[in-house]
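Residues per chain, in single letters:
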Amino acid sequence: MTRLQKVWQYLVAIVLPNRCICCGELIPPPDTVCLACETALSVIKPPICPYCAHTKADCSCRKHRHLYDKIASPFYYENSAKGGVLRLKRIEDPKAVNRFADMMCTVVKREYGEEHIDRITYVPMTGHALREREFNQSKSLATAVAKRLALPVTDTLVKLYETPPQKKLGLRTRSGNVLGVFDVTDPSVRGQTILLVDDVVTTGATLNECAKMLKLYGAKRVLVVTVAVRKYEKKKDEIT
Ligand SMILES: [Zn+2]
Ligand SMILES: [Zn+2]
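Keep in mind that this is a model prediction, so the values were computed, not measured. (Residues numbered from 1 in each chain as written. Chains lettered and ligands numbered in written order. Predicted model: local features only at pLDDT ≥ 70, side-chain atom pairs only at ≥ 80, totals over all residues. Heavy atoms only, no water.)

A.B. asks: Describe the overall build of the protein chain, naming the residues involved and giving the relevant values.
C.D. replies: When helices and strands are tallied, the protein chain shows 8 helices and 7 strands. Relative to its length of 240 residues, the protein chain is compact, with a C-alpha radius of gyration of 19 Å against a globular reference of 18 Å. Structurally, the protein chain occupies a C-alpha span of about 55 × 45 × 40 Å along its principal axes. The buried share of the protein chain, reckoned over its 240 residues, is 47%. Summarising the internal contacts of the protein chain: among those between residues at least 6 apart in sequence, 73% fall at separations of at least 24. Summed over all atoms, the accessible surface of the protein chain reaches about 13100 Å², with 56% contributed by carbon and sulfur. Distance between charge centres in the protein chain, computed from 38 positive and 25 negative side chains, equals 2 Å. (Helix = DSSP H or I, 4+ residues; strand = E, 2+ residues; numbered from the N terminus. Rg over C-alpha atoms; globule rule 2.2 N^0.38 Å. Buried < 20%, exposed > 50% of the residue type's maximum accessible area, 1.4 Å probe, protein only. Contact = heavy atoms within 4.5 Å. Areas by Shrake-Rupley, 256 points an atom, 1.4 Å probe, with all protein chains shown as cover. Lys, Arg positive; Asp, Glu negative; His and termini not counted. Charge placed at Lys NZ, Arg CZ, Asp CG, Glu CD.)

Here it is in structure tokens:
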């Protein structure tokens, strides 16, 4: 790095403090994650299960199929990855979006390398929620992923009305909670393979409903990629 570049970086750091994308602590540029968060990232190591996105050794989903065809994520939703996802929802930080998009693209290339993806879309918010938050982190991630993969990103789904936050509901009521909440605005999805982007998957109910609508409109395949996936507990009799 030249002296001029160092001075420039110093000046940028004064105007735009460089923060860890997971915990928000100040860190020296050009780092994006602090050492403590980097160490605490729960990376999902391949080979993975395409139905629940867990490392095969952690999977006990018995190949339970959702309406999406495959799912993959770089991280389990815990520790610093959870911090990063929660921060993405709170703060519009292009650096965080770009770093997470890089990691998502690595997973997409690894897991969906054989697929012919026609377009990328994302889990939408209602107009009201979007006005309140002023950004949709899933759209930002989808846009960054699309740019890296040189694929089109489109506003394909719409969220029709607000629902109680999924985390406040029991597991059984979650899929009913999002029933009929989404619709497809672009019928040209017919026959297409779609990469659906979201920030995190907890029960999969939201992504399932989005995939259901895309399939109802004739989408051929729906592949999901998220920053993180909530790790489920293995049942006692399944622990080997
Ligand atoms: Zn950190
Ligand atoms: Zn599985």
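Having seen it, we continue.
A.B. asks: Residues and numbers for the pattern of salt bridges, please.
C.D. replies: Throughout the structure, instances matching the rule amount to 13 salt bridges. The partner of Lys-231 in a salt bridge is Asp-58, and the shortest N-O contact between them spans 3.8 Å. Here Lys-231 is found in the segment after β7 (221-229), whereas its partner Asp-58 is found in the loop between α2 (35-40) and β1 (70-72), with 173 residues between them in sequence. Residue classification places Lys-231 among the partly exposed positions, given a relative accessible area of 32%. Three or more residues joined by partner-sharing salt bridges are found here, namely Asp-69, Lys-70, Glu-115, Lys-215 and Arg-221. (Salt bridge = Lys/Arg side-chain N within 4 Å of Asp/Glu carboxyl O.)

A.B. asks: Please set out unusual backbone geometry residue by residue, giving values where relevant.
C.D. replies: Geometrically, the link from Pro-29 to Pro-30 is a cis peptide bond, its omega value of 5 degrees lying close to zero. For Ala-53, which is not glycine, the phi torsion reads 70 degrees and is therefore positive. A positive phi angle is found at Glu-134, which is not glycine, with a value near 75 degrees.

A.B. asks: Got a sec to walk through the coordination of the zinc ion (ligand 1)? Specific residues and values, please.
C.D. replies: Distances from the zinc ion (ligand 1) to its protein donors, namely Cys-20 (SG), Cys-23 (SG), Cys-34 (SG) and Cys-37 (SG), fall within the range 2.3 Å. Coordination at the zinc ion (ligand 1) comes from 4 donor atoms whose angles at the metal span 101 to 116 degrees, giving a geometry best classed as tetrahedral. Sequence spacing of the donors to the zinc ion (ligand 1): C-x2-C-x10-C-x2-C. Highlighted residues: Cys-23 in the loop between α1 (3-15) and α2 and Cys-34 in the loop between α1 and α2, separated in sequence by 11 residues. (Donors = N, O, S within 2.8 Å, 3.2 Å for Na, K, Ca; no water. Tetrahedral: all angles 85-135°; square planar, octahedral: opposite > 155°, others 65-115°.)

A.B. asks: Now, about the coordination of the zinc ion (ligand 2): what can you tell me, with residues and values included?
C.D. replies: Coordination of the zinc ion (ligand 2) by the protein comes from Cys-49 (SG), Cys-52 (SG), Cys-59 (SG) and Cys-61 (SG), over a distance range of 2.2 to 2.3 Å. Considering all 4 donor atoms around the zinc ion (ligand 2), the spread of angles at the metal, 104 to 116 degrees, places the coordination shape in the tetrahedral class. Sequence positions of the donors to the zinc ion (ligand 2) reduce to the motif C-x2-C-x6-C-x1-C. Here Cys-49 is found in the loop between α2 and β1, whereas its partner Cys-61 is found in the loop between α2 and β1, with 12 residues between them in sequence. Owing to a relative accessible area of 5%, Cys-49 belongs among the buried residues under this scheme.

A.B. asks: How would you explain the pairing of strand β6 (residues 193-201) if you had to name every residue and give the values?
C.D. replies: Burial within β6 is extensive, with 9 of its 9 residues counted as buried. Judged from the 8 bridges that link them, β6 and β7 form a sheet pairing that is parallel. In the sheet register, Leu-195 faces β7, and the bridge partner there is Leu-223. (Pairing = 2+ DSSP bridges.)

A.B. asks: Account for the nonpolar core, with residues named and values stated.
C.D. replies: In this structure, Phe-100, Leu-195 and Val-227 are the most contacted members of the largest nonpolar core, which totals 66 residues. Counting residues per element, this core draws most heavily on helix α4 (residues 94-111), at 9 residues. Apart from residues no more than four positions distant in its own chain, Phe-100 is found in contact with Ile-21, Cys-22, Phe-75, Gly-84, Leu-88, Leu-141 and Val-227. (Core = buried A, V, L, I, M, F, W, Y, C linked by side-chain atoms within 4.5 Å.)

A.B. asks: So what's going on with the side chain of Asn-136? Residues and values would help.
C.D. replies: The residue Asn-136 is located in the loop between α5 (127-133) and α6 (137-149) in this model. At 2.9 Å, the side chain of Asn-136 and the backbone nitrogen of Ser-138 are in polar contact. Aside from chain neighbours lying at most four places away, what touches Asn-136 is Tyr-122, Val-123, Pro-124, Met-125 and Leu-130. (Polar contact = N/O pair within 3.5 Å; in protein donor to acceptor, adjacent residues only side chain to side chain.)

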